[in-house]
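# Observations on chain architecture
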Amino acid sequence: MDVSTDGPVLVTGATGYVAGWLVKDLLEAGVTVHAAVRDPGAAAKLEHLVRIADKAPGSIRFFETDLLQPGSYTEAMAGCSVVFHTASPFAISVRDPRRELIDPAVTGTRNVLESAAATASVTRVVVTSSCAAIYTDAIDCARAPGGVLTEDIWNTTASLSYQPYSYSKTLAEKAAWKIADAQDRFRLVTINPSLVIGPALSDAPTSESFRIVRQMGDGTLRQGAPKLGLGVVDVRDVASAHLAAGFREDAEGRHIVSGHNTNLLELGKVLIEKYGSRYPVPRKSLPKWVVWLAGPVMSGISRKFVTNNVDVTWRADNSRSKSALGMTYRPMKASMEDMFQQMIDAGAFGK
Ligand code: NAP
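A brief report on the enclosed structure follows. (Residues numbered from 1 in each chain as written. Predicted model: local features only at pLDDT ≥ 70, side-chain atom pairs only at ≥ 80, totals over all residues. Heavy atoms only, no water.)

This structure, assessed with the given rule, holds twelve salt bridges. Between R143 and D140 there is a salt bridge; the shortest N-O distance is 2.6 Å. Taken as a pair, R143 and D140 lie in helix α5 (residues 139–143) at a separation of three residues, close to a single helical turn. We classify R143 as exposed; its relative accessible area is 59%. The partner of E208 in a salt bridge is R211, with the nearest N and O atoms 2.6 Å apart. With E208 and R211 both in helix α7 (residues 208–214) and three residues apart, this pair spans about one turn of that helix. Overall, the relative accessible area of 39% leaves R211 in the partly exposed class. (Salt bridge = Lys/Arg side-chain N within 4 Å of Asp/Glu carboxyl O. Helix = DSSP H or I, 4+ residues; strand = E, 2+ residues; numbered from the N terminus. Buried < 20%, exposed > 50% of the residue type's maximum accessible area, 1.4 Å probe, protein only.)

Below you can see the structure in the form of structure tokens.
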């Protein structure tokens, strides 16, 4: 695949976990990256990107933007052929889901895509959506044709009061398609990753992915982990998918980008071989009734969530990402070991 270095490209949310690897790939391919960030003065959050740019053939320019400010992305987008829109809050525990999740996800997507539709140079927009725009609970797989999630399916079960993050991603992707379908300047391609795992480029990642994997070593799952059905994908593979979506001539539509159909226990068990003697990684299955009883008290997860996800198989079809974007996927064990080692080195589990 040829990565065009003719003009700059825009990456929104460039400070993020997923965006970091995308920016790295772009810089290493010689591209000029317009990095849209909330606070260009927050040197610590940008340091890793500057360091990568210093060693790479491409270059980086930072632009101050906010998802909620109309017209905020116009300057950063000027002259760009491709827009990668990754910025969106990824958090599970929030107090005010409308303000913290829905508004930035949906208003932000409208803001970025409406600017793209009004910017002469833009020919392609890649939106980082999510498998969360396809399903809420693993039990939704059972309702899918053949028990497998595909790009034809939309999430119909999330709401403001139940799994609002999934709701925010669903509404945001729908808003993106509505704007894209009403114009003919750019083509929209969406990347729909499952749970992203693997190492971060920044020293202080804030993505929800880290909170989930940290539990594998901090003792939370010492007694076992529930077999909570989910999909996972390496962050470096997600970056490759974005690159293909941005630069492959024929890329179009939605893409499930997920390396493995698995569950929380299996995700933890791949750490046993290398780390099992030193860290309290989960080894056995926590029975559903225990999680059902204790979940709401211990970790704030609802009984509805337990019923719909624990001991429920998660299956998604990633074949479109392979045929249309040329994806290959890293083994889950390698991704988890790289991520876990990084947490150990950063002192996440004490010295
Ligand atoms: P992350 O590290 O928390 O990155 C989120 C990014 O969004 C940050 O750069 C953040 O900027 C930006 N952002 C949030 N609210 C903003 C606002 N109001 N205005 C401007 N920027 C704002 O999380 P991530 O995991 O990399 O997520 C990146 C994208 O991937 C999201 O669209 C997420 O939904 C999607 N995704 C993630 C996963 C996963 O498992 N991690 C799976 C599927 C899809 P600041 O640095 O300024 O806060």
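More follows now that the structure is in view.
Within the open sheet, the seven strands sit side by side as β3-β2-β1-β4-β5-β6-β9. Their pairing is parallel. A single partner strand is all that each edge strand has here, and the edge strands are β3 (59–64) and β9 (253–257). The sheet shows a mean angle of 20° between the axes of neighbouring strands, direction not considered. Inspection of the sheet shows strand β1 (residues 9–12) paired to strand β2 (residues 32–37) by four bridges, in the parallel sense. By the bridge assignment for β2, V9 is matched with V33. (Pairing = 2+ DSSP bridges. Axes fitted to C-alpha atoms, helices over the stretch in contact; angles between N-to-C directions.)

Per the counting criterion, the structure on display carries one cavity of 30 Å³ or more. Quantified by volume, the largest cavity comes out at close to 80 Å³. Surrounding the largest cavity, H85, T86, A87, S88, A105, T109, V127, T128, S129, K169, A172 and E173 form its lining. When residues of the lining of the largest cavity are traced back to their parent elements, those giving at least two are α4 (97–117), β5 (124–128) and α6 (164–181). (1 Å grid on protein atoms, 1.4 Å probe; cavity = no way out; pocket = protein on both sides within 12 Å on 5 of 7 lines; lining within 4 Å. Points joined across faces, edges and corners; volume = space filled by probe spheres on them.)

This model, assessed by the stated rule, comprises nine aromatic pairs. With centroids separated by 6.4 Å and ring planes inclined at 50°, the aromatic side chains of F84 and F247 adopt a geometry described as tilted. Of this pair, F84 sits in strand β4 (residues 82–85) while F247 sits in helix α8 (residues 235–247), and the two are 163 residues apart along the sequence. The residues F84 and F247 share a single accessibility class, namely buried. In textbook terms, an aromatic cluster arises when at least three aromatic residues are bridged by ring pairs, as seen for Y275, Y279, F340 and F349. The lysine or arginine in question, R236, covers the ring of W21, its NZ or CZ lying 5.8 Å from the ring centre. (Phe/Tyr/Trp six-rings, centres within 6.5 Å; stacked < 30°, edge-to-face > 60°. Lys NZ or Arg CZ within 6 Å of the ring centre and 35° of its normal.)

Quick look at the side chain of N263 now. You can see N263 is positioned in strand β10 (residues 260–263). Dropping the residues within four chain positions of it, N263 is found in contact with K227, L228, G229 and L230. (Contact = heavy atoms within 4.5 Å.)

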